[in-house]
Amino acid sequence: MTPEATRRWRLAARVAVATGVGAAVIAVAAWALGVRVNYTSSLPRGLYVASAFEPANAEPGLIVAACPAPDAAAMLAAYLANGPCPGGVVELGKPLAGLPGDTVVVDSAGVRVGGLALPNSAPLFRDRAGHPLRPRLGRHVLGAGEYWLHSGRVPTSVDSRYAGPVSDVRGTLRPIWVEEE
């Protein structure tokens with residue numbers, strides 16, 4: 001390799017390393033400021049900002065980030081890997097559908113909260129690859145600090161149909177830039 005080619009290669013390598021380090025610094029700073037990226041179909045894809053969850057302000061439709069219970073995390077790890085929740089799974093970014101005191105009924109036809117059917121809520125018994133799923137069928141009365149998550153955007157959303165009620169709500173999510181519907 002000629003000295004000029006070596007010099008160019010070293011310069012390109014330095015630029016690549018500096019770009020990578022810069023991107024990592026920006027990503028860490030954004031995470032620390034509460035910026036979250038949603039790349040799933042459960043919510044509009046885009047950027048959200050996380051803030052503290054106030055149970056007194058909880059209402060159906062409020063978008064939250066919550067961790068599934070450890071037993072659910074173990075069952076869902078293949079779908080939710082590499083996150084900050086117990087079991088190493090990602091937080092579920094979903095709208096609240098059920099609040100403490102609500103009665104949730106899950107059967108093969110779908111989910112009802114307080115007797116009202118949720119859209120796109122019929123549980124799946126096999127995933128897209130044909131692997132068995134174990135929806136949380138039955139009647140659930142949500143206790144103090146328990147919430148039911150549901151995204152009616154897509155029928156394949158991993159939500160409380162499979163994770164059950166959640167109590168580890170990490171924050172609320174507010175969209176700051178999302179794809180248009």
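Coordinates for the structure precede this section.
The rules we used
Each chain has its residues counted from 1, following the order in which its sequence is written. This being a predicted model, a pLDDT of at least 70 is required before a residue's local features are given, and a value of 80 or more before pairs of side-chain atoms are given or counted; all residues contribute to the totals for chains, interfaces and linings. Side-chain calculation: all heavy atoms of the structure are included, whereas hydrogens and water are not. In DSSP terms, a helix is any run of H or I states spanning at least four residues, a strand is any run of E spanning at least two, and both are numbered starting from the N terminus. Two N or O atoms count as a polar contact when they lie within 3.5 Å, although within protein this holds only if one can serve as hydrogen donor and the other as acceptor, and sequence-adjacent residues are included solely when both atoms are side-chain atoms. By definition in these notes, contact holds between two residues if any of their heavy atoms fall within 4.5 Å. Salt bridges are identified by distance alone: a Lys or Arg side-chain nitrogen within 4 Å of an Asp or Glu carboxyl oxygen. Using a 1.4 Å probe on the protein chains alone, a residue whose accessible area is under 20% of its type maximum counts as buried, one over 50% counts as exposed, and one in between counts as partly exposed. Lining residues are those with an atom within 4 Å of a point, where the points come from a 1 Å grid over the protein atoms alone and group into cavities, where a 1.4 Å probe fits but cannot get out, or pockets, open sets with protein on both sides within 12 Å along at least five of seven lines. Grid points are joined across faces, edges and corners, and a volume is the space filled by probe spheres set on the points. Side-chain classes follow a simple rule in which Ala, Val, Leu, Ile, Met, Phe, Trp, Tyr, Cys and Pro form the nonpolar group, Asp, Glu, Lys and Arg form the charged group, and the remainder, Gly included, forms the polar group.

Colleague: Just give me the short version of the side chain of histidine 150, but keep the residues and values in it.
Modeller: As for its position among the elements, histidine 150 is in the loop between β9 (148-149) and α3 (160-163). A polar atom in the side chain of histidine 150 sits 2.7 Å from the backbone oxygen of proline 119. If sequence neighbours within four positions are ignored, histidine 150 has contacts with Lys94, Pro95, Ala97, Leu118, Pro119, Asn120, Ser121, Asp159 and Arg161.

Colleague: Help me get a handle on the pattern of salt bridges, residues and values and all.
Modeller: Tallied over the entire structure, the rule returns six salt bridges. Salt-bridge contacts for arginine 170 lead to aspartate 168; the nearest nitrogen and oxygen are separated by 3.0 Å. Judged by relative accessible area, aspartate 168 falls into the partly exposed class, the value being 28%. One continuous salt-bridge network, built from bridges that share partners, spans Glu4, Arg7 and Arg8.

Colleague: Can you lay out the layout of surface pockets for me, pointing to particular residues and giving the numbers?
Modeller: Roughly 1000 Å³ of internal volume is contained in the largest pocket. If you trace the largest pocket, you find 37 residues lining it, with Asn38, Tyr39, Thr40, Leu80 and Val90 closest to the centre. Listing elements by their share of the lining of the largest pocket, those giving two or more residues are α1 (3-32), β1 (35-38), α2 (70-80) and β4 (92-98). Among the elements that line the lining of the largest pocket, the one with the most residues is β1, at four residues. In terms of residue class, the lining of the largest pocket is built from 23 nonpolar, nine polar and five charged.

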